[in-house]
Amino acid sequence: MAMFASTMLPVRAETDIPHGKALVEANCARCHAIGRTDASTHPDAPAFRILSQRYPLDALEEAFAEGISTGHPDMPEFVAAPDQIGAIIEYIGSLQQP
């Protein structure tokens, strides 16, 4: 019976990581390092792979929802839809280093 019940749980076949990566490539890569090894081109823009060392990722989700308007001094305001926010956070989470 337990084996049957486990097959009834919803399984997510796909993630939003590719969508999140596309969004940060289009909106953030100009200043931020958005990969596992690249360097930020802007000296005040943290690499996305270390963001969880500076901020809890759930706090970033709230900041995206409210519209990030601060970060580095010349960062443009960024507003994202809820599905975009989830994808961005999932992508950033996939990069985090211990």
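Anything mentioned here points back to the structure above.
These figures come from a predicted structure and were not determined experimentally.

J.: I keep staring at the overall build of the chain and nothing clicks. Help me out?
T.: Counting its secondary structure elements, the chain contains 5 helices and 0 strands. In the chain, the succession of α and β elements from N to C terminus is α-α-α-α-α. Classification of the 98 residues of the chain by burial places 34% in the buried group. In the chain, of all internal contacts separated by at least 6 residues, the share reaching a separation of at least 24 is 59%.

J.: Can you walk me through the side chain of Gln 96 in this structure?
T.: As for its placement among the helices and strands, Gln 96 is situated in the segment after α5 (82-95). There is a polar contact of 3.4 Å between the side chain of Gln 96 and the backbone nitrogen of Leu 51. Discounting chain neighbours no more than four positions away, the residues touching Gln 96 are Phe 48, Arg 49, Ile 50, Leu 51, Ser 52 and Leu 57.

J.: Just checking my understanding: could you explain helix α2 (residues 17-27) for this structure?
T.: Among the residues making up α2, those that are buried are Gly 20, Leu 23 and Val 24. Here the buried residues of α2 occupy an arc of 95° about the axis, which is enough to place them on one side. Away from the buried face of α2 by more than 90 degrees, exposed residues Pro 18 and Ala 26 are located. Those residues of α2 that are buried lie in contact with α5.

J.: Explanation requested: a negative patch on the surface in the structure shown.
T.: Where like charges cluster on the molecular surface, the negative patch consists of Asp 58, Glu 61, Glu 62 and Glu 66. Structurally, Glu 61 is set in helix α4 (residues 57-66). On the basis of relative accessible area, Glu 61 is assigned to the partly exposed category, the value being 38%.

J.: Honestly, the environment of Val 24 in this entry has me stumped. Any pointers?
T.: Topologically, Val 24 is positioned in helix α2. Look at Val 24 and you get buried, because its relative accessible area is 0%. A sequence separation of 24 residues divides Val 24 from Phe 48, and the C-alpha atoms of the two residues are 9.5 Å apart. If we ignore the near neighbours within four places in the chain, the residues touching Val 24 are Ala 29, Ile 34, Phe 48, Ile 88 and Tyr 91.

About the criteria used
Residues numbered from 1 in each chain as written. Predicted model: local features only at pLDDT ≥ 70, side-chain atom pairs only at ≥ 80, totals over all residues. Heavy atoms only, no water. Helix = DSSP H or I, 4+ residues; strand = E, 2+ residues; numbered from the N terminus. Buried < 20%, exposed > 50% of the residue type's maximum accessible area, 1.4 Å probe, protein only. Contact = heavy atoms within 4.5 Å. Polar contact = N/O pair within 3.5 Å; in protein donor to acceptor, adjacent residues only side chain to side chain. Arc of directions from axis to C-beta. Patch = residues over 30% accessible without salt bridge, like charges linked within 9 Å, V, L, I, M, F, W, Y side chains within 5 Å. Areas by Shrake-Rupley, 256 points an atom, 1.4 Å probe, with all protein chains shown as cover. Salt bridge = Lys/Arg side-chain N within 4 Å of Asp/Glu carboxyl O. Lys, Arg positive; Asp, Glu negative; His and termini not counted. Charge placed at Lys NZ, Arg CZ, Asp CG, Glu CD.

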